[in-house]
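Residue-level structure breakdown
This is what each chain is made of:
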Amino acid sequence: MPVNATMTAPQKALRKLGLERDIDLALHLPLRYEDETRIVKLRDSREGDLVQIEATVTSCDIAYRPRRQLLVTVDDDSDTCVLRFFTFYPSLQKALAVGNRVRLRGELKGGFLGWTMMHPAIKPAGGELATALTPVYPTVAALPQAYLRKVVLSGLARADLSDTFPPGVTQQLRPQVWPLQDALRFLHQPTPDVSLGTLEDKTHPAWQRLKAEELLAQQLSQLESKRERAALRSPAFALTAGGIHSQLLDALPFKLTLAQQRVCKEIAQDIAREMPMHRLLQGDVGSGKTVVAALAAAIAIDAGWQCALMAPTEILAEQHFRKLIGWLEPLFVARGLRVAWLTGSQKKKERNEMLALVASGEAALVVGTHAVIQDHVVFKRLGLAVIDEQHRFGVAQRLALRAKMSEPGHEPHLLMMSATPIPRTLAMSYYADLDVSTIDELPPGRTPIVTKVIADSRRDEVVERIRSQVAQGRQVYWVCPLIEESEALDLTNATETHEALSAALPGAMVGLLHSRMPPAEKKAVMSLFVGGQMAVLVSTTVIEVGVDVPNASLMVIEHAERFGLSQMHQLRGRVGRGSAASACVLLYSLGEYGKLSEMGRARLKAMAETTDGFEIARRDLEIRGPGEFLGARQSGAAMLRFADLATDVALLEWARALAPQMLDLHPELARRHAARWFGGKSEFLKA
Ligand code: ADP
Ligand code: MG
C-alpha cells in the first residue's frame, strides 16, 4: 500500500517500522513486560522494583525547592511513599486529593527519607487487574504503546501461524521449543506465573522457537540464493602450460607458503567450473593475498578473458595492485595485452582511452576504484572480478560488478579479499552463501610485532624511540585519528604532530599525508616513503590498509582509544613485514572525564594481548555485536532480530543442517517459511 495523504501518523509509523502484514505484526515482539496483574505491598518491595501498589493519599502539596513540584505522600498500610511530579495539572492534584485511594505503578527508589516514586502512572484503586503481563513493544514516538498493542494483537489474531517446520523437527530440538502459534500468543501475553528471567534472557521455550524460526529462515534464503547462483553460468578456465600463470609462478621472488598454495588450488578449482565462484579469501594483514589474486587473474587472462580488480580508494588501489601489476605487465607485453586504470579523479581524455581499452578487450586487467563498476564501463569479456577489502564495499556495488557480463544469465567469477577474518558464527549465518578460503600462515622471516600501550603524557619517550629507529635506517608511521565530524580539527592534529616531529628529528625527512590532499600530492608523498627517502610518515588513516614497506619497523597510533579494533589491527600490520624487529605503540589520551571508555579500554587490551587476526575479530564481535561488526554497508543482509550468535550456536547449527534437507524434501514449506520471515525483503541477500 503506497503512502497516501489519508494515512494517520500511527499508520505511517507502522509502515516505517515495516509492520505491514498481519504476520509482521505477530512477529513484532515485546522488548520487556510490565506486571499489572498484582498489587504488592511496599514492605515486601525492593529498591528498583517496578511495582503496582494501592494506597491512600495522606498529603498533597506544591513545593518550590529545588524546583516547582507536586509532592504527594501515600500510605498502603505497610509503609509510606513519596510521589514527585515535576509536571502536573489541576486534574492530577484532583486525582491525588487527600483521602483518595489510588492505584500507582512505577519504579520504586529507596532514599534517605524512605520510598519515593517519580511520575508514577495513576488510576483509581479497585479496578480490575490484568490477567497477563503487559507487553512493552519497540516503537517510535508517533506510535503510542496502547495503540501498538491493539494492532499487534489484532494482527496476531488474523495471521496465519500454521507450522512451517517439517514434520518431526520440533520434537527433536533440545532445549525444547514450542509450536509457533503457542509461542507467539504466549510472548505477546505471557501468563503472570512465568519467570521473567527466562523471558528476558530469551531462554524460554517460546523464545527458543522464535530464534529457531528466524535462523532457519536466514539459512533458507542464503541457501536459495546460492542455488540460484549455481544456475547461472561463468566461463570455465582451465590451467594451461606455458601461459602467464606458469611464467608468473617461475618469476616470483619467493616460494608460496603452504597456505597460499592451498587457497590457490581452491580458487583454481572454482574457476575451472562453469558455476560462478563466490569466494572470500581471508588472511591476516601481510599474509600475502595479493599474489594469490594475481595468480587467479593470470589463469583467467590465459583463457582469454578480462579480470577486474577493485579497491575502495584510489590510494589503496594503487598500493594494493602496484606489485601485482609489476608482476603481470612484463608478461603481457609479448602478448599485446594492456593494463587499464579507472579512477574517479582521472582526466576525461585519459579515462576515454582507458574505456576504449576495456571495451576492445585489449586491457586484460582493469584496475581501479568504484569507477570500474560505473554504467559506462563496458567490458568485452569480463571473466573474473576481484574485490579487495570487500567489507568496505556495499551490497549494491557487488551486485553491479556481477552484472558486468554482457550475456544475460552469465556472470563473472567473484573473488573477495579481506584482512578482517569473519568469525565462525558470522560465516555460518550472514555469510552462509560464501565459500571461504583462509590463509592461516604468514610468509617466513617475519618477526613478531611487540605492542605497547602508552599514555600520551609519555610522548617524549616515543619520540626518542623514533629517533633511534631512524638512526638505524628504519622507517616509521605515525597515524592520527580521523574524526569524522571534524575534518578540520583532524587536520590540525596531524599538522601539529608533523611539525613537532620535524623539529625533533632534524636531518630526517618527515612527511605528511592526509585525506584532503589532491591525489597527485598523496602519490608523491607515498612514493617518497615507499622509496625509502622519507623516514617518518605522519598521516590520517589513509594508509589504513595495503601499504607495503618492509623497511618500516615502528607504527605509532595516536589517540588509539578512538580507533576501532580491526582498524588498529590493520594499521599494526603495516609493520613487521620485513626481517627487522618491529613494534606498535598505542598512544592513548584520557577523555574529558579523566578515564577511558570501557570499549576503548577493551580494544586496547585486546591489541596488547594478541596479534592473531582471528582472535581480534572474535573480540571485536564480542565488543561491538554483529550489527556493528557487519557495518552499515552490509545492512542489506537481513539482521537477526531475536537470535544471538554468541548464545545460539546450537540452534544455528541445527538450522544450517536442516535448511538443505528442507529445500530438497519440503520445498513448499521452505518457501512459505522464508516468505513469512522476510516477505519481499530478501532481494539483497543475493549479493
Ligand atoms: P596482504 O595479505 O595483507 O594483502 P600482501 O599481499 O600485501 O599481504 O603481502 C605482503 C608482503 O608479503 C608483500 O611484500 C608480498 O610480496 C610478500 N609475500 C607474499 N607472499 C610471500 C611468500 N610466500 N613469501 C615471502 N613473501 C611473500
Ligand atoms: Mg592486501
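Residues numbered from 1 in each chain as written. Chains lettered and ligands numbered in written order. Predicted model: local features only at pLDDT ≥ 70, side-chain atom pairs only at ≥ 80, totals over all residues. Heavy atoms only, no water.

Observations concerning the overall build of the protein
Counting secondary structure elements, the protein contains 23 helices and 21 strands. Principal-axis analysis of the C-alpha atoms gives the protein an extent of 100 × 70 × 50 Å. Looking at the 687 residues of the protein, the share that counts as buried comes to 51%. Pairs at least 24 residues apart make up 76% of the contacts formed inside the protein by residues separated by at least 6 positions. (Helix = DSSP H or I, 4+ residues; strand = E, 2+ residues; numbered from the N terminus. Buried < 20%, exposed > 50% of the residue type's maximum accessible area, 1.4 Å probe, protein only. Contact = heavy atoms within 4.5 Å.)

Things to note about the nonpolar core
Of all hydrophobic cores here, the largest spans 73 residues; its most connected members are L324, L365 and I557. The greatest single-element share of this core, amounting to 11 residues, is contributed by helix α11 (residues 289-302). A domain-level breakdown of this core finds at least three residues from each of domain 3 (244-439) and domain 4 (449-610). Filtering out sequence-adjacent residues up to four positions away, L324 remains in contact with T290, A293, A294, L309 and L365. Formed by 51 residues, the second largest nonpolar core is a distinct cluster that contains A308, A340, A385 and L658. (Core = buried A, V, L, I, M, F, W, Y, C linked by side-chain atoms within 4.5 Å. Domains from an automatic or database assignment.)

Some words on the site of ligand 1
Near ligand 1 lie 17 residues; those nearest to it are G286, T290, K323, R446 and D548. In the environment of ligand 1, a nitrogen atom lies 2.8 Å from a nitrogen or oxygen atom belonging to the side chain of Q260. A distance of 3.4 Å is found between an oxygen atom of ligand 1 and a backbone nitrogen or oxygen belonging to S287. Classifying every residue of the shell around ligand 1 by side-chain character gives four nonpolar, six polar and seven charged. (Near = heavy atom within 4 Å. Polar contact = N/O pair within 3.5 Å; in protein donor to acceptor, adjacent residues only side chain to side chain. Nonpolar A, V, L, I, M, F, W, Y, C, P; charged D, E, K, R; others polar.)

A short note on the domain arrangement of the protein
You can read the domains of the protein as domain 1 (9-33 + 133-201), domain 2 (38-124), domain 3 (244-439) and domain 4 (449-610). Here the C-alpha centroids of domain 1 and domain 3 sit 45 Å apart.

Some remarks on the sheet that holds strand β2 (residues 50-63)
By definition, the strands of a sheet pair up through backbone hydrogen bonds, in either a parallel or an antiparallel sense. Pairing is mixed in the open sheet, where six strands are placed in the order β6-β4-β3-β2-β5-β7. Each edge of the sheet is formed by a strand with only one pairing partner; in this case those strands are β6 (115-118) and β7 (121-124). For this sheet, the mean angle separating the axes of adjacent strands, direction not counted, is 40°. Summarising the sheet, β2 and strand β3 (residues 69-75) pair through seven bridges and their orientation is antiparallel. By the bridge assignment, A63 is partnered in β3 with Q69. (Pairing = 2+ DSSP bridges. Axes fitted to C-alpha atoms, helices over the stretch in contact; angles between N-to-C directions.)

A word on the confidence of the model for the protein
When the pLDDT values of the protein are averaged, the result is 86; 91% of them are 70 or greater. The weakest mean pLDDT in the protein belongs to helix α14 (residues 395-402) at 68; the strongest belongs to helix α10 (residues 258-271) at 97. (pLDDT = per-residue confidence, 0-100.)

A closer look at helix α20 (residues 598-609)
Between its terminal C-alpha atoms α20 stretches 16 Å, which fits the 16 Å expected from 12 residues at 1.5 Å a residue. Three or more residues of α20 are buried, namely G600, R603, L604, A606 and M607. Viewed end-on, α20 has its buried residues packed into an arc of 160°, placing them on one side of the element. (Expected span 1.5 Å × (residues − 1). Arc of directions from axis to C-beta.)

Focus: the sheet that holds strand β18 (residues 510-513)
Read across the open sheet, the six strands follow the order β16-β21-β20-β17-β19-β18; overall the sheet is parallel. Lying at the two open borders of the sheet, with one neighbouring strand each, are β16 (449-455) and β18. For this sheet, the mean inter-axis angle between neighbouring strands, taken without regard to orientation, is 15°. When β18 meets strand β19 (residues 536-539), the two strands line up parallel, connected through four bridges. In the strand pairing of β19, G511 is matched with L537. Along the sheet, α20 makes contact with β16 and β21 (582-588), crossing β16 at roughly 150°.

As for the packing of aromatic side chains
The relative placement of two aromatic rings is captured by the distance of their centres and the angle of their planes. Enumeration according to the criterion identifies seven aromatic pairs in this entry. Between W207 and F642, the aromatic rings sit 5.4 Å apart at their centres with planes inclined by 55°, giving tilted as the arrangement. Residue W207 is found in helix α8 (residues 205-230), and its partner F642 is found in the loop between α21 (613-630) and α22 (649-665); the two are separated by 435 residues along the sequence. Judged by relative accessible area, which is 10%, F642 ranks as buried. Among the aromatic residues, those joined into a ring-pair cluster are W207, F642 and W677. Above the plane of the ring of W207 lies K202, whose end atom (NZ or CZ) is 4.7 Å from the centre. Positioned above the aromatic ring of W305, the side-chain terminus of R381 is 4.1 Å from the ring centre. (Phe/Tyr/Trp six-rings, centres within 6.5 Å; stacked < 30°, edge-to-face > 60°. Lys NZ or Arg CZ within 6 Å of the ring centre and 35° of its normal.)

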